[in-house]
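What the coordinates show
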Amino acid sequence: MRGNHVPLRTCVACRTKGPQRDFVRITRRENSELAAGTSREVGGRGAYLCRRLECFEAGLERGGLEHSLKGRGSESSRAELLAWARTEFASASSA
Ligand SMILES: [Zn+2]
């Protein structure tokens, strides 16, 4: 049998594990701005969230991200991220 190893990531909100493509990488920059994306030029600490609005809400509001990123992002960047998630994952949510 051939091993077909895919590195797994863990959502910091719901702890679901899966391949990286199922997640959005969140990074916190030195100026404490949070950014979503997989761009390699975004340095700093990263954490993963499912592509689901509820995980963004949980991660941003209940502090899962804060814990993983060793710091809270600025209020404006958290609001921005949440707004982005609401647009991006709107269909997955039953508000
Ligand atoms: Zn999740």
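Residues numbered from 1 in each chain as written. Predicted model: local features only at pLDDT ≥ 70, side-chain atom pairs only at ≥ 80, totals over all residues.

Let's shift gears to the overall build of the protein chain. Scanning the protein chain from terminus to terminus reveals three helices and five strands. Going from N to C terminus, the protein chain has its helices and strands arranged as β-β-β-β-β-α-α-α. Here the analysis covers contacts within the protein chain between residues at least 6 apart in sequence; of these, 58% occur between residues at least 24 apart. (Helix = DSSP H or I, 4+ residues; strand = E, 2+ residues; numbered from the N terminus. Contact = placed C-beta atoms within 7 Å.)

Despite not being glycine, Arg15 shows a phi value in the positive range, around 70°. Topologically, Arg15 is positioned in the loop between β1 (8–10) and β2 (17–19). You will see that Lys70, though not glycine, has its phi angle at about 60°, which is positive. Residue position: Lys70 is located in the loop between α2 (64–68) and α3 (75–88).

Quick look at helix α1 (residues 53–61) now. Within α1, the full set of buried residues consists of Leu53, Cys55, Phe56, Gly59 and Leu60. End-on, the buried residues of α1 take up no more than an arc of 160°, which puts them together on one face. Taken together, the buried residues of α1 touch β5 (45–50), α2 and α3. The first or second residue beyond α1 is Gly63, which carries a positive phi of 90°. (Buried ≥ 20, exposed ≤ 12 C-beta atoms within 10 Å, placed from the backbone. Arc of directions from axis to C-beta.)

Turning to α3, a few remarks are in order. Taking 1.5 Å per residue as the helical rise, α3 with its 14 residues ought to reach 20 Å, and the 20 Å between its terminal C-alpha atoms agrees with that figure. Every buried residue of α3 is listed here: Ser77, Arg78, Leu81 and Ala85. Here the buried residues of α3 occupy an arc of 105° about the axis, which is enough to place them on one side. Projecting away from the buried face of α3 at angles above 90 degrees are the exposed residues Glu75, Ser76, Ala83 and Thr87. Buried residues belonging to α3 abut β4 (34–36) and α1. (Expected span 1.5 Å × (residues − 1).)

Further remarks concern the pairing of strand β3 (residues 23–28). Note that β3 and β5 share six bridges and pair antiparallel. Looking at the pairing, Val24 lines up with Leu49 of β5. The antiparallel hairpin formed by β3 and β4 contains five residues in its connecting segment, where Ser32 sits at a positive phi of about 65°. (Pairing = 2+ DSSP bridges.)

What follows is about the environment of Gly18. Relative to the elements of secondary structure, Gly18 occurs in strand β2. For Gly18, a count of 14 C-beta atoms within 10 Å corresponds to the partly exposed category. Each residue touching Gly18, except ones within four places of it in the same chain, is listed here: Leu8, Arg9 and Phe23.

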